[in-house]
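# Examination of the molecular architecture
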Amino acid sequence: LPKYAVRIPGVAFKGCASLRAIDFPESLRYINANAFEGCVKLEGVALPEGFIGIEEEAFLGCKRLASADLKGEYMEARAFADCMELSEVKMADTVYGIGKAAFSNCSSLETLHLSTGLKRIADNTFENCTFLDNLVIPYGVADIGNEAFKNCTKLRTIFIPEQVSLIAENAFSYPEEMTVYGVK
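Residues numbered from 1 in each chain as written. Predicted model: local features only at pLDDT ≥ 70, side-chain atom pairs only at ≥ 80, totals over all residues. Heavy atoms only, no water.

### Things to note about the sheet that holds strand β11 (residues 134-136)
Applicable threshold: A pair of strands is considered paired only if DSSP assigns at least 2 bridges between the two. Strands are runs of DSSP state E lasting at least two residues, helices are runs of H or I lasting at least four, and both sets are numbered from the N terminus onward. For every element, the axis is a line fit to its C-alpha atoms; helices are fit only across the contacting stretch, and the angle between N-to-C directions ranges from 0 to 180 degrees.
Read across the sheet, three strands follow the order β11-β13-β15 without closing on themselves; strand pairing throughout is parallel. On the outer flanks of this sheet lie β11 and β15 (179-183), each paired with one strand and no other. Each strand axis lies, on average, 15° off the axis of its neighbour in the sheet, ignoring direction. Inspection of the sheet shows β11 paired to strand β13 (residues 157-161) by three bridges, in the parallel sense. Following the sheet pairing, N134 is matched in β13 by T157.

### Some points on the packing of aromatic side chains
Pairs of aromatic rings are described using the distance from one ring centre to the other and the angle between the two planes. Which entries qualify depends on this criterion: Two rings from Phe, Tyr or Trp (for Trp, the six-membered ring) form a pair when their centres are within 6.5 Å of each other. A pair whose planes differ by under 30 degrees is stacked, one over 60 is edge-to-face, and the rest are tilted. Each residue is placed in one exposure class: buried if its accessible area under a 1.4 Å probe, protein chains only, is under 20% of its type's maximum, exposed if it is over 50%, and partly exposed if it falls in between.
Per the counting criterion, the structure on display carries nine aromatic pairs. Ring centres of F80 and F103 lie 5.4 Å apart, and the angle between their planes is 5°; on these two criteria the pair is classed as stacked. Residue F80 is found in the loop between β6 (74-75) and β7 (88-91), and its partner F103 is found in the loop between β8 (97-98) and β9 (111-113); the two are separated by 23 residues along the sequence. Geometrically, the ring pair formed by F103 and F126 is stacked, given 5.5 Å between the ring centres and 5° between the ring planes. Taken as a pair, F103 in the loop between β8 and β9 and F126 in the loop between β10 (120-121) and β11 lie far apart in primary sequence, 23 residues in all. Take F103 and F126: they sit in the same class, and that class is buried. Through a chain of ring-to-ring contacts, three or more aromatic side chains come together here, namely F13, F24, F36, F59, F80, F103, F126, F149 and F172.

As structure tokens, then:
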């Protein structure tokens, strides 16, 4: 990418089946919709300081994507959906918004560090993340949306702060054994 790129346009690398890695310049602020959709060999994403946002379906179906180090303020709907080998997500504390189904069907997701700046966990955000077993909801989250953790069948331990004022009736698919801790 050019050294001074600020934005990656929509569908810029869509379907680039041989793309394995990309170095994002420090100047990058936005990744537009579907920019890397279907880059099935892309292995990791590490966004620069000063990054602002990821639009919808930007990394949809990047099947070999194993890790995401996310900075910025927001990511829109289905930004990382269907990234089946995504096992680790780290979010900077500047991330305040995650769109609907942003990480749905990331069936290998095991390690999740949510931003302390997060305000809401949207509908279907982590649906079908079947390896997720431990979850700490950060302070500042006000509500957890419909089916946010649907079919997270290994989820056994959840820490929910008292600031969470709304948990949708069907936010979790409860496995046989689960412990929920309320945290002050």
